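Structural characterization, general
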Amino acid sequence: GIQVEQSPPDLILQEGANSTLRCNFSDSVNNLQWFHQNPWGQLINLFYIPSGTKQNGRLSATTVATERYSLLYISSSQTTDSGVYFCAVGRSTSYGKLTFGQGTILTVHP
Amino acid sequence: EAQVTQNPRYLITVTGKKLTVTCSQNMNHEYMSWYRQDPGLGLRQIYYSMNVEVTDKGDVPEGYKVSRKEKRNFPLILESPSPNQTSLYFCASGSLRGQGIWETQYFGPGTRLLVL
């Protein structure tokens, strides 16, 4: 099956810093999503981004499908950004099937 | 309010006793999916459904069953639970604007299951 690797596994920031999270995948995909799980366990879908760039407030994401990676940018980080960030990918042959990376644990200190 | 609900939220059971975790969404979404989350293993998809009566396996379907008889409900059935199914389970739903464009996935609050 498709392999998904996220880096770094852990990231510690001071409030106000910027960060970049990376998601590498082993095969061509046409479904790529980023998720955030807050410290209370709630999961939120951040982006659907199989290619190109999207922005939502302080968060943006870029996927370079031909090179099999995606980046999630967090600018001016806040303590509420803490939690785990997952990327998940899927192929056109099994469109609804999603394989997740292991996640990046982000801690933002005040 | 748009939401995905799961019941029960917490469950302790014994090996072999059949159980069902219900999942319901009120957004008329075509897509629904079940995931399990385990320490060190992240999130893994169990089953998903692209629409009523259409279900397919995710990465870890063994030991689980699902059904999609109506659009809003997608129950997860453990016919004979075993301790290795102790986990945190999430249900999600999403809307597909045609083959290739996703709307946001919405997640339920999670069900924490302990199988003794």
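Everything numeric here is computed off the predicted structure, so don't read it as measured data.

Overview of the sheet that holds strand 7 (residues 59-64) of chain A
Across a sheet, paired strands are connected by hydrogen bonds in the backbone, their directions being either parallel or antiparallel. All names here are of chain A. Spatially, the 5 strands line up as an open sheet ordered 1-3-8-7-6, and their pairing is antiparallel. Edge positions in the open sheet fall to strand 1 (4-7) and strand 6 (52-56), since each of these has one partner strand only. On average, each strand axis in the sheet is inclined to that of its neighbour by 15°, with strand direction left out of account. Relative to strand 3 (residues 19-25), strand 1 is paired through 4 bridges, and the arrangement is antiparallel. Each bridged residue has a counterpart across the sheet, and for Gln 6 the counterpart in strand 3 is Cys 23.

Re the interface of chain B and chain A
In this complex, chain B contributes 23 residues to the contact, which on the side of chain A involves 18 residues. Counting the surface lost from both chain B and chain A, the interface buries some 1,700 Å², and carbon and sulfur atoms represent 55% of this. Counting across the chain B and chain A interface gives 1 salt bridge. One salt bridge connects B:Asp59 with A:Lys97, and the closest N-O pair in it is separated by 3.5 Å.

Quick notes on the pattern of salt bridges
If you walk through the whole model with that rule in mind, you get 6 salt bridges over all chains. One salt bridge in this structure joins A:Asp81 and A:Arg58, with 2.9 Å as the shortest N-O distance. Of the two residues, A:Asp81 sits in the loop between strand 8 (69-74) and strand 9 (83-90) while A:Arg58 sits in the loop between strand 6 and strand 7, which places them 23 residues apart along the sequence. Residue classification places A:Arg58 among the partly exposed positions, given a relative accessible area of 25%. B:Arg36 is the salt-bridge partner of B:Asp38, the closest N and O atoms lying 2.9 Å from each other. Residue classification places B:Asp38 among the buried residues on the basis of a relative accessible area of 10%. Accessibility expressed as a relative area gives 8% for B:Arg36, which makes it buried. Through salt bridges that share partners, B:Arg36, B:Asp38 and B:Arg44 make up one connected network.

Things to note about the state of the cysteines
According to the stated counting rule, one finds 2 disulfides over all chains in the structure shown. What pairs with A:Cys23 in a disulfide is A:Cys87, and their sulfur atoms sit 2.0 Å apart. Its torsion about the S-S bond being 75°, the disulfide of A:Cys23 and A:Cys87 is classed as right-handed. Of this pair, A:Cys23 sits in strand 3 while A:Cys87 sits in strand 9; the two residues are 64 residues apart in sequence, bridging distant segments of the chain. Taken as a pair, A:Cys23 and A:Cys87 share a single burial class, namely buried. One disulfide bridge connects B:Cys23 with B:Cys91, the sulfur atoms lying 1.8 Å from each other. Here the disulfide of B:Cys23 and B:Cys91 is left-handed, its torsion about the S-S bond being about -75°. Here the residue B:Cys23 occupies a position in strand 3 (residues 19-25), and B:Cys91 occupies one in strand 9 (residues 87-96), the gap between them amounting to 68 residues.

Cut-offs applied
- Residues numbered from 1 in each chain as written.
- Chains lettered and ligands numbered in written order.
- Predicted model: local features only at pLDDT ≥ 70, side-chain atom pairs only at ≥ 80, totals over all residues.
- Heavy atoms only, no water.
- Pairing = 2+ DSSP bridges.
- Helix = DSSP H or I, 4+ residues; strand = E, 2+ residues; numbered from the N terminus.
- Axes fitted to C-alpha atoms, helices over the stretch in contact; angles between N-to-C directions.
- Contact = heavy atoms within 4.5 Å.
- Buried area = accessible area lost by both parts, 1.4 Å probe.
- Salt bridge = Lys/Arg side-chain N within 4 Å of Asp/Glu carboxyl O.
- Buried < 20%, exposed > 50% of the residue type's maximum accessible area, 1.4 Å probe, protein only.
- Disulfide = S-S within 2.5 Å.

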